[in-house]
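Summary of the model geometry
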Amino acid sequence: MEITNVSEYEAIAKEKLPKMIYDYYASGAEDQWTLKENRNAFSRILFRPRVLVDVSKIDTSTTVLGFKISMPIMVAPTAMQKMAHPDGEYATARAASAAGTIMTLSSWATSSVEEVASTGPGIRFFQLYVYKDRNVVAQLVRRAERAGFKAIALTVDTPRLGRREADIKNRFTLPSHLTLKNFEGLDLGKLDETNGSGLASYAAGQVDRSLSWKDVKWLQTITHLPILVKGVITAEDTRLAIQAGAAGIIVSNHGARQLDYVPATIMALEEVVKAAQGRIPVFLDGGVRRGTDVFKALALGASGIFIGRPVVFSLAVDGEAGVRKVLQMLRDEFELTMALSGCRSLKEITRNHVVTKWDHPRVAPRL
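Residues numbered from 1 in each chain as written. Predicted model: local features only at pLDDT ≥ 70, side-chain atom pairs only at ≥ 80, totals over all residues. Heavy atoms only, no water.

A word on the overall build of the protein chain
Each helix and strand counted, the protein chain has 13 helices and twelve strands in total. For the protein chain, the C-alpha radius of gyration of 20 Å lies close to 21 Å, the compact-globule estimate for 367 residues. Along the three orthogonal principal directions, the C-alpha set of the protein chain runs to about 60 × 50 × 40 Å. Per-residue burial over the protein chain gives 57% buried out of 367 residues. In the protein chain, the share of contacts with a sequence separation of at least 24, taken over all contacts with a separation of at least 6, comes to 73%. Carbon and sulfur atoms provide 52% of the accessible area of the protein chain, an area that totals close to 15,900 Å². Charged side chains of the protein chain number 47 positive and 39 negative; the gap between the two group centres comes to 4 Å. (Helix = DSSP H or I, 4+ residues; strand = E, 2+ residues; numbered from the N terminus. Rg over C-alpha atoms; globule rule 2.2 N^0.38 Å. Buried < 20%, exposed > 50% of the residue type's maximum accessible area, 1.4 Å probe, protein only. Contact = heavy atoms within 4.5 Å. Areas by Shrake-Rupley, 256 points an atom, 1.4 Å probe, with all protein chains shown as cover. Lys, Arg positive; Asp, Glu negative; His and termini not counted. Charge placed at Lys NZ, Arg CZ, Asp CG, Glu CD.)

Put into structure tokens, the structure is as follows:
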């Protein structure tokens with residue numbers, strides 16, 4: 001049976017992967033309300049398509065931090081991809097590069113920055129967790145720079161790991177043949193069996209809970225790479241991120257894996273976009289499974305989106321070819337949505353192309 005949309009990969013991945021690994025990728029925090037809401041909120045945004053526009057030529061390309069990419073659809077950082085497929089991050093890197101888009105490598109990858117760089121050309125960002133030992137952080141950032149990574153995505157919503165009950169039940173741990181490659185040989189403790197989630201206890205031992213806005217400034221003293229702040233969902237933090245010198249914001253609730261009952265990222269997006277006032281680009285991750293979702297995010301002011309779970313599930317099912325197909329399907333759907341909405345380029349996608357159920361009812365926007 002041919003796979004015709006992104007969501008179909010998840011069901012196949014569930015059959016294929018060991019329960020502990022599938023649950024690690026699929027689950028959210030606590031009641032998983034936000035996990036469901038990240039998807040459901042998109043269905044509360046409807047289109048206002050414009051017709052009789054010449055859409056014979058459509059351009060999905062854009063620039064992110066000055067880098068030209070084929071589409072506003074990028075790969076989010078997801079940890080430990082070799083649990084999904086032996087090629088892990090190598091396959092994802094090659095697929096993103098082939099699609100002409102950006103891959104973000106997780107700090108907690110099962111392939112190192114150098115290994116991922118060795119797959120060939122491509123625009124890559126590095127996601128950073130700030131460890132208690134700042135020398136480790138500085139070293140890692142320098143290695144990412146040397147390996148040709150173009151930006152740092154600083155995760156700011158994880159002073160502690162969220163309560164992911166599936167991982168506690170499964171006593172989640174990294175399979176013994178795999179390691180967190182970026183930290184190999186650094187004697188930082190292991191991701192081992194515990195009586196709960198092995199990842200939660202590893203994070204508790206390593207990740208710096210004292211991380212604050214001054215550390216965003218500190219990071220700029222050790223790297224010239226632009227810093228994207230990942231995990232902002234309020235106007236207040238948007239203004240602080242700009243003050244701290246962030247080059248961009250990724251509106252993210254960590255795939256609903258941290259604090260449950262935060263809004264869906266698509267619901268939080270406009271608040272952040274308005275507070276940013278066009279001074280820095282705002283991106284979104286969380287819940288994107290369709291080209292229509294991409295269009296909705298752009299209409300609400302995002303400069304691009306990142307996908308996480310669709311990458312690991314398609315990787316599990318079909319390796320590099322699976323990830324390529326997911327990126328291609330999303331691009332095709334997005335291009336079709338643009339055509340059917342009367343938009344020939346990203347700059348033609350406006351707030352007037354969507355209506356949200358939380359807009360004032362029955363009032364057409366002034367054009």
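Anyway, onward from the coordinates.
What about the pattern of salt bridges?
Across all of its chains, the model carries 16 salt bridges by this definition. In this structure, the salt-bridge partner of Glu37 is Arg44, at a minimum N-O distance of 2.3 Å. According to the relative accessible area criterion, Arg44 is partly exposed, its value standing at 25%. The shortest N-O distance in the salt bridge between Arg134 and Asp215 comes to 2.9 Å. Separated by 81 residues along the polypeptide, Arg134 in helix H6 (residues 134–146) and Asp215 in helix H9 (residues 213–222) bring together distant segments of the chain. Given the relative accessible area of 9%, Asp215 is considered buried. (Salt bridge = Lys/Arg side-chain N within 4 Å of Asp/Glu carboxyl O.)

A look at the environment of Leu240
Of note, Leu240 is situated in helix H10 (residues 235–243). Residues Leu240 and Lys132, spaced 108 residues apart in sequence, show a C-alpha to C-alpha distance of 23 Å.

Some details on the packing of aromatic side chains
Across all of its chains, the model carries nine aromatic pairs by this definition. Ring centres of Phe126 and Phe149 lie 6.2 Å apart, and the angle between their planes is 85°; on these two criteria the pair is classed as edge-to-face. Note that Phe126 is positioned in strand E6 (residues 124–128) and Phe149 in the loop between H6 and strand E7 (151–155), a separation of 23 residues in sequence. The same class applies to Phe126 as to Phe149, namely buried. A ring pair is formed by Tyr131 and Phe183, whose centres lie 4.6 Å apart and whose planes are at 10°; its orientation type is stacked. With Tyr131 in the loop between E6 and H6 and Phe183 in the loop between helix H7 (165–170) and helix H8 (198–206), this pair connects stretches of sequence that are 52 residues apart. (Phe/Tyr/Trp six-rings, centres within 6.5 Å; stacked < 30°, edge-to-face > 60°.)

Here's the deal with unusual backbone geometry
One non-glycine residue, Leu52, adopts positive backbone phi at about 55°. Taking the relative accessible area as the measure of exposure, Leu52 reaches 88% and is therefore exposed. Although it is not a glycine, Arg171 adopts a positive phi angle of roughly 50°. Its location among the elements puts Arg171 in the loop between H7 and H8.

A look at the packing of helix H2 (residues 19–26) against helix H13 (residues 309–341)
The description of two helices packed together rests on the angle between their axes and the distance between the axes. As a packed pair, H2 and H13 sit with axes 10 Å apart at the nearest point and diverge in direction by 155°. Classified by the interaxial angle, the pair formed by H2 and H13 is roughly antiparallel. Where H2 abuts H13, its residues Tyr22, Tyr25 and Ala26 lie against Arg309, Val312 and Phe313. (Axes fitted to C-alpha atoms, helices over the stretch in contact; angles between N-to-C directions. Parallel < 35°, antiparallel > 145°, perpendicular 65-115°, else oblique.)

Observations regarding the UniProt feature "binding site: glyoxylate" (unreviewed entry) in the protein chain
UniProt annotation of "binding site: glyoxylate" (unreviewed entry) refers to Tyr24, Tyr129, Arg164, His254 and Arg257 when read in the numbering used here. In this structure, the largest cavity is lined, among the annotated residues mentioned, by Tyr24, Tyr129, Arg164, His254 and Arg257. Looking at the element boundaries, Tyr24 is found in helix H2. Those residues in contact with His254 that sit more than four places away from it in its chain are Tyr129, Thr155, Asp157, Thr158 and Arg164. Only 3.2 Å separates the side chain of His254 from the side chain of Thr158, close enough to count as a polar contact. (UniProt positions renumbered as here; feature names shortened; annotations may be inferred. 1 Å grid on protein atoms, 1.4 Å probe; cavity = no way out; pocket = protein on both sides within 12 Å on 5 of 7 lines; lining within 4 Å. Polar contact = N/O pair within 3.5 Å; in protein donor to acceptor, adjacent residues only side chain to side chain.)

A closer look at the pairing of E6
Counting buried positions over the five residues of E6 gives five, a clear majority of the element. Covered by surrounding structure in E6 are Arg124, Phe126 and Leu128 together with Phe125 and Gln127, the residues of both alternating faces. Pairing of strand E5 (residues 103–105) with E6, which is carried by three bridges, proceeds in the parallel orientation. Note on E6: the bridge partner recorded for Thr104 is Phe125. (Pairing = 2+ DSSP bridges.)

Quick look at empty space enclosed by the protein
Under the criterion given, the structure shown has one cavity of 30 Å³ or more. Of the pockets and cavities examined, the largest cavity occupies roughly 430 Å³. If you trace the largest cavity, you find 29 residues lining it, with Pro77, Thr78, His254, Gly255 and Arg257 closest to the centre. Secondary-structure elements contributing two or more residues to the lining of the largest cavity are H2, strand E11 (304–307) and H13. Its residues assigned to classes, the lining of the largest cavity comprises twelve nonpolar, eleven polar and six charged. (Points joined across faces, edges and corners; volume = space filled by probe spheres on them. Nonpolar A, V, L, I, M, F, W, Y, C, P; charged D, E, K, R; others polar.)

Some details on the layout of surface pockets
Taken as a whole, the second largest pocket holds about 280 Å³ of empty space. Forming the boundary of the second largest pocket are 18 residues, of which Val156, Asp157, Pro159, Leu211 and Trp213 lie nearest the centre. Among the residues making up the lining of the second largest pocket, the classes are represented as nine nonpolar, five polar and four charged.

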